[in-house]
Amino acid sequence: MPVLPGAEPFRHEGGEVGVLLCHGFTGSPQSLRPWADFLAERGLTVELPLLPGHGTRWQDMQLTGWQDWYAEVDRALGELLQRCTQVFVFGLSMGGALALRLAARHGDAISGVVVVNPGNKVHGVAAHALPVVRHFVRSTKGIASDIAKEGSAEVGYDRVPLHAAHSLRRFFQQVDRELPQVTQPMLLLHSPQDHVVPPADSARILGRVSSTDVTEILLEQSYHVATLDHDAERIFEESYAFIGRLAPSVGKKGSTTGG
């Protein structure tokens, strides 16, 4: 299947500091592309992969699960670690959970974590019915484009495939168990008005990670896809400052251009 316009993966060869960006469930790289461009323009090496089953049609996602999505970001991380002296992992929504699992499993190889409205649990009574219902109902209403900013839209599916949603639920449970293994500096930004992931998920993550260098920022003007919303520039600036604090070479003239 052809990839939806705007949903293509993105890569930029920059300097010795790298960033891996992980997009969300049923979304695509489009939701993080302005963030990726912002970092690339400042000389960073950037990887923004398209997760398996995403960016085409929701039926393709029925054939994938969390192991496929995680394997793709793990592969992209491996490439960055070969090319860069320091690597950071960023993520939105489920992408935040992917980034946290990478941090838990790769330890000191990752210099820091930035997550925006990270998911931690599939909520509601329906979540408990997923193991059975997914065999009778193929999909439900989509979750894309929860954005306050008028005229801003997310390239994502208008349906949620229930086999994939069941896998997502199991993935969140897996990541929750691994959160105490996350020790890296962390920047967590979340929207009080989020119609996809409740603030309880961010609170749970903050309470379970072992990181001692933790910054929490509220995105008061944005909904779930905050990277395309009113607070986007703040996310970009804060994340770049976070990198600059932990990778001192960033921001110095000529130091992240590779030459």
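See the structure above.
Quick notes on the rules
- Residues numbered from 1 in each chain as written.
- Predicted model: local features only at pLDDT ≥ 70, side-chain atom pairs only at ≥ 80, totals over all residues.
- Heavy atoms only, no water.
- Disulfide = S-S within 2.5 Å.
- Buried < 20%, exposed > 50% of the residue type's maximum accessible area, 1.4 Å probe, protein only.
- Helix = DSSP H or I, 4+ residues; strand = E, 2+ residues; numbered from the N terminus.
- Contact = heavy atoms within 4.5 Å.
- Core = buried A, V, L, I, M, F, W, Y, C linked by side-chain atoms within 4.5 Å.
- Pairing = 2+ DSSP bridges.

A. A look at the state of the cysteines. Applying the stated criterion across every chain yields a total of zero disulfides. The structure places no disulfide on Cys 22, whose sulfur is separated from the nearest cysteine sulfur, that of Cys 84, by 15 Å. Exposure remark for Cys 22: the relative accessible area of 1% places this residue in the buried category.

B. Here's a closer look at unusual backbone geometry. Of note in this structure, Ser 93 is not a glycine but carries a positive phi near 60°. Along the chain, Ser 93 turns up in the loop between β4 (86-92) and α4 (94-106). We classify Ser 93 as buried; its relative accessible area is 10%. Although it is not a glycine, Ser 145 adopts a positive phi angle of roughly 65°. Looking at the secondary structure, you find Ser 145 in the loop between β6 (139-141) and β7 (159-161).

C. Quick look at the environment of Gly 18. Relative to the helices and strands, Gly 18 resides in strand β2 (residues 17-22). What makes Gly 18 buried here is its relative accessible area of 0%. Considering only alpha carbons, one finds Gly 18 and Glu 47, 29 residues apart in sequence, at a separation of 7.8 Å. Filtering out sequence-adjacent residues up to four positions away, Gly 18 remains in contact with Thr 45, Leu 80, Cys 84, Gln 86, Val 87 and Phe 88.

D. Examining the nonpolar core more closely. The biggest cluster of nonpolar side chains holds 43 residues, and the ones touching the most others in it are Leu 20, Phe 25, Trp 69, Leu 100 and Leu 102. The element best represented in this core is α4, accounting for eight residues. In this structure, Trp 35, Leu 44, Phe 90 and Tyr 240 belong to the second largest nonpolar core, which totals 34 residues.

E. Fine view of the pairing of β4. Taking burial as the measure, the seven residues of β4 include six buried ones, the bulk of the element. The pairing of β2 with β4 spans six bridges and is parallel. For Gly 18, the partnering residue across the bridge sits in β4 and is Val 87. The pairing of β4 with strand β5 (residues 112-116) spans five bridges and is classified as parallel. Each bridged residue has a counterpart across the sheet, and for Phe 88 the counterpart in β5 is Gly 112.

F. Representation of the side chain of Glu 72 within the structure. Following the sequence through the fold, Glu 72 ends up in helix α3 (residues 66-83). Excluding its chain neighbours within four sequence positions, the residues that come into contact with Glu 72 are Pro 49, Leu 50, Leu 51 and Pro 52.

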